[in-house]
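Now for the letters of each chain:
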Amino acid sequence: MAKYCVVIFFLLNGTLYPAQGQNAGELDVSFNPGSGANGDVRAIAVQPDGKILIGGDFTTYNGVPCTRMARLHADGSLDLSFIVNAVNAMIHTIVVMDDGRIMVGGLFNVFNGQSHYRIVRLLPNGVTDMSFNAGMGANGTIYSIVLQPDSKILAGGLFSTFNGASHNNIVRLNANGSIDNTFTSSPGANNGIFAVALQPDGKILIGGQFSTYNGTSRKLLARINANGSLDGSFVPTGTGLDGTYVRSITLQNDSRILIAGAFITYNSLTRNRIARINPDGSLDPSFNPTIGLDHIVDAPIVLQPDNYFLLGGQFSSYNGTSRNGIVRIHTNAMLDITFDPGTGALPTFPKGVYALCLQPDGHILLGGTFSTYNGVSRPGIARVLGAPVLPSGNEDVLSSALLAGAGTAGDKNGSGAFANFNNPQNIAYNTLTNKFYVSDAFNHSIREVSPAGEVTVLAGTGDPGLENGETATARFYHPAGLAIDPASGTIYVADKGNHAIRKITGGQVETLAGTGGAAYQDGPAGEAGFNNPTDLACVGTFLYVTDHGNHCIRKIDLSTGMVSTLAGNGTAGFTDGTGTNARFNFPWGITANGSTLYVADYGNHAIRQLSVGSNVSTLAGNGSPGYTDGAGNSARLRYPTGVVANGAKVYFTDYGNHCIRQVSGGTVMTVSGNGTSGQVMGPNSTYRGPLGITTNGFEFFVVDAFGHHVRKLMSP
């Protein structure tokens, strides 16, 4: 009787992934290279049509002659329509351009039977592109090629001249192959450059075997300016790297830098073959692989969209766990145990994986000098599954990544991990400016955060007080909730410690309501009293306030300046009902979705909802603390704080359970975090007291109070 295996895929963010049951790291048997390459595979690139380019030091593929470069179909079979021949030496790098043309670099000086010295450009079918003329090219090997947005080409390697001119180990070319003389690399690096990475600001990171750049000590790692001069603002701290070379550099979205290769320590701290560096060149201590890798990383680092990353090389273990030739690692340096290659790519040392490439469908191509993958013959090349890490069927899971904040308390502006917050309370998004605003409680200020993570002070001096006026001289006292009028961009602040509602507009701060002392008083805004207000929601001409210490929801009519009580009556309790008959217990967060308000009822461990007409009901939780997903009242929450609606779903920060949860169709489910305290980012995130949450309509943003940072949450 015949047996059939059906592979099912699901769609996530437009990307196909294998259905659960197929594990990440498993060999993809649909990719079959036959007898594969009879020599090293050193470079892999995928063309827009899904075909796969490979280069190295082989002379046949699946028994068919092809010297050092070939193109494969998606199933691993050889594409005979790709015309490359007579390449006389090793290929080290292949880069596919946006228009489909192909840049190739290596040790060769003959390509397609013609003289091309270590660099050549091909048409998509493999024919030499004669419009690219590098003349005498490099007098040594090219290991890395990077394309700039302006069509110029960076090439790094082990050479001292390019087309007869002095260029030590790095050069920049114009699109036609001529030398770009606005880039000067002399004296440059005193030894080989194996890795080149371009920053968004145009600065260039280089790694290799050098010890100086332009005569200044920079062991194995440096950053240079767009003109080729050394960037003196990037200074590896202390003794820097101790080892043989840096083989790979990649940039994370938060501007931190991953490096890998053949080094042992950074500033005398153990970092066996893998480390993460801050944008100023200092070591990122939050990334500590402890034991690390037992041997060299040879392949370029592959950073996945979920910020997990892949390493390939001659190693056989990571942190003491067997991982032959390939490993996947969390953003916090922990081993990703869900990616299991079995016996992996063998043999390893002195052979291994030299090339890694992530396909658009999430699968992973690897090339090298191995002969088997998990016991199956795969000479030189294999493809493995790269399924995302999703907990049992929960396709709403959110992966987190750092937007801003170093993770330690402080008061510092800067970009990403170089900024500091001190117990941030809430976050709001302004659609008019495309900026985020954070209430930085213990810094007594309102901070502005760009989508790229650049942090500045919008208002507040950093000292506590109740002072109106210009934003630079105004004072707040433990500001908490924020709301933004989508029409005008006015920012409203629940100034918790001042028991007041403030507003920021036109560069000025003023008190909208409250007297500065704790009270419970309706009436004109200037006479009204609040008690530790914690959050706000702006709906048309009304501003709704969670009056935390008064156990109620207040309403400010912005057109008349009158303050009234919408629901609750100043007494703590847990009662559904209308208006002042309802009871809350230290309500914290509030958000609006059309004519419905949602409230994170902190002391009742519940999410409540009320219409603008003030009828209160319970959406999730039953007054008892706990941590249980499930339907409505059977779910257990622990001190929920922030809340935001996105379509038909309500998301909230479950502060006491250190996680982000969702209410959809009356059912509560955890979408990020696991109930334990920590600062892990990625699909398996942990938090340290998440307080506020907002959305820009596409992604979510959370302030982690005791983690002192802001995170972006998105689908893995």
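Refer to the structure presented above.
Summary of the structure given here. (Residues numbered from 1 in each chain as written. Predicted model: local features only at pLDDT ≥ 70, side-chain atom pairs only at ≥ 80, totals over all residues. Heavy atoms only, no water.)

1. Brief notes about the overall build of the protein
Move 1: Assigned secondary structure in the protein consists of zero helices and 66 strands.
Move 2: Since a compact globule built from 716 residues should have a radius of gyration of about 27 Å, the 29 Å found for the protein is in line with a globular shape.
Move 3: For the protein, the spread of C-alpha atoms along the principal axes amounts to about 90 × 70 × 45 Å.
Move 4: Looking at the 716 residues of the protein, the share that counts as buried comes to 59%.
Move 5: Relative to all contacts within the protein whose residues are 6 or more apart in sequence, the contacts with residues 24 or more apart total 45%. (Helix = DSSP H or I, 4+ residues; strand = E, 2+ residues; numbered from the N terminus. Rg over C-alpha atoms; globule rule 2.2 N^0.38 Å. Buried < 20%, exposed > 50% of the residue type's maximum accessible area, 1.4 Å probe, protein only. Contact = heavy atoms within 4.5 Å.)

2. Observations regarding the pairing of strand β58 (residues 615-620)
Move 1: Note that strand β54 (residues 577-578) and β58 share two bridges and pair antiparallel. In the sheet register, Thr 578 faces β58, and the bridge partner there is Asn 615.
Move 2: Pairing between strand β57 (residues 606-611) and β58: four bridges, direction antiparallel. Directly across from Gln 609, in β58, lies its bridge partner Ser 617. (Pairing = 2+ DSSP bridges.)

3. Looking at the sheet that holds strand β8 (residues 91-96)
In a beta sheet, neighbouring strands are held together by backbone hydrogen bonds and run either parallel or antiparallel to one another.
Move 1: An order of β8-β9-β12 is seen for the three strands of this open sheet, with the pairing classed as antiparallel. In this open sheet, the two edge strands, each paired with only one partner strand, are β8 and β12 (119-122). Neighbour-to-neighbour, the strand axes of the sheet open up by a mean angle of 20 degrees, direction not taken into account. (Axes fitted to C-alpha atoms, helices over the stretch in contact; angles between N-to-C directions.)

4. Regarding the packing of aromatic side chains
Move 1: Applying the stated criterion to the full structure yields 11 aromatic pairs.
Move 2: Relative to Phe 436, the ring of Tyr 429 lies with its centre 5.0 Å away and its plane at 40 degrees, an arrangement referred to as tilted. Judged on exposure class, the residue Tyr 429 and its partner Phe 436 are both buried.
Move 3: A ring pair is formed by Trp 588 and Tyr 602, whose centres lie 5.3 Å apart and whose planes are at 35 degrees; its orientation type is tilted. Placement of Trp 588 in strand β55 (residues 587-593) and of Tyr 602 in the loop between β56 (596-601) and β57 is noted, with a sequence separation of 14 residues between them.
Move 4: A relative accessible area of 11% means that Trp 588 is categorised as buried.
Move 5: A network of ring pairs unites the aromatic residues Tyr 143, Phe 194 and Tyr 245 as a single cluster.
Move 6: Positioned over the ring face of Tyr 354 is Arg 42, at 3.8 Å from the centre of the ring. (Phe/Tyr/Trp six-rings, centres within 6.5 Å; stacked < 30°, edge-to-face > 60°. Lys NZ or Arg CZ within 6 Å of the ring centre and 35° of its normal.)

5. Some thoughts on unusual backbone geometry
Move 1: That bond from Leu 346 to Pro 347 is cis: its omega, -5 degrees, falls within 30 degrees of zero.
Move 2: By the element assignment, Pro 347 lies in the loop between β32 (345-346) and β33 (353-358).
Move 3: The peptide bond linking Phe 349 to Pro 350 adopts the cis configuration, its omega dihedral lying at 5 degrees.
Move 4: For Asn 62, which is not glycine, the phi torsion reads 50 degrees and is therefore positive.

6. Comments concerning the nonpolar core
Move 1: With 18 residues, the main nonpolar core has Phe 421, Ile 427, Val 438, Val 449 and Val 710 as its most contacted residues.
Move 2: If near-sequence neighbours (up to four positions away) are discounted, Val 438 is found in contact with Phe 421, Pro 424, Asn 426, Ile 427, Ser 445, Ile 446, Arg 447, Val 449, Leu 482, Val 703 and Val 710.
Move 3: Counting residues in each nonpolar core, the second largest holds 17 residues, with Ala 43, Leu 53, Val 96 and Leu 122 among its members. (Core = buried A, V, L, I, M, F, W, Y, C linked by side-chain atoms within 4.5 Å.)

7. Description of the sheet that holds strand β41 (residues 435-440)
Move 1: The five strands lie next to each other as β39-β43-β42-β41-β40, forming an open sheet whose pairing is antiparallel. A single partner strand is all that each edge strand has here, and the edge strands are β39 (414-415) and β40 (424-430).
Move 2: The pairing of β41 with strand β42 (residues 445-449) spans five bridges and is classified as antiparallel. Paired with Tyr 437 across the two strands is Glu 448, which belongs to β42.

8. A look at a nonpolar patch on the surface
Move 1: Among the surface-exposed residues, Ile 83, Leu 123 and Val 127 lie close enough to one another that they form a single nonpolar patch of about 210 Å² accessible area.
Move 2: Within the secondary structure layout, Val 127 lies in the loop between β12 and β13 (141-147).
Move 3: With a relative accessible area of 33%, Val 127 lands in the partly exposed category. (Patch = residues over 30% accessible without salt bridge, like charges linked within 9 Å, V, L, I, M, F, W, Y side chains within 5 Å. Areas by Shrake-Rupley, 256 points an atom, 1.4 Å probe, with all protein chains shown as cover. Salt bridge = Lys/Arg side-chain N within 4 Å of Asp/Glu carboxyl O.)

9. Re the pattern of salt bridges
Working definition: two side chains of opposite charge can pair if their charged atoms are close together.
Move 1: Applying the stated criterion to the full structure yields 28 salt bridges.
Move 2: For Asp 440, the salt bridge identified is with Arg 447, shortest N-O distance 2.6 Å.
Move 3: Asp 440 gets classed as buried once you look at its relative accessible area, which sits at 0%.
Move 4: The exposure class of Arg 447 is buried, given its relative accessible area of 0%.
Move 5: The salt bridge involving Asp 495 is made with Arg 502; its shortest N-O contact spans 2.6 Å. Of the two residues, Asp 495 and Arg 502, both sit in the buried class.
Move 6: Through salt bridges with shared partners, a single network forms among Asp 99, Arg 101, Arg 121 and Asp 129.

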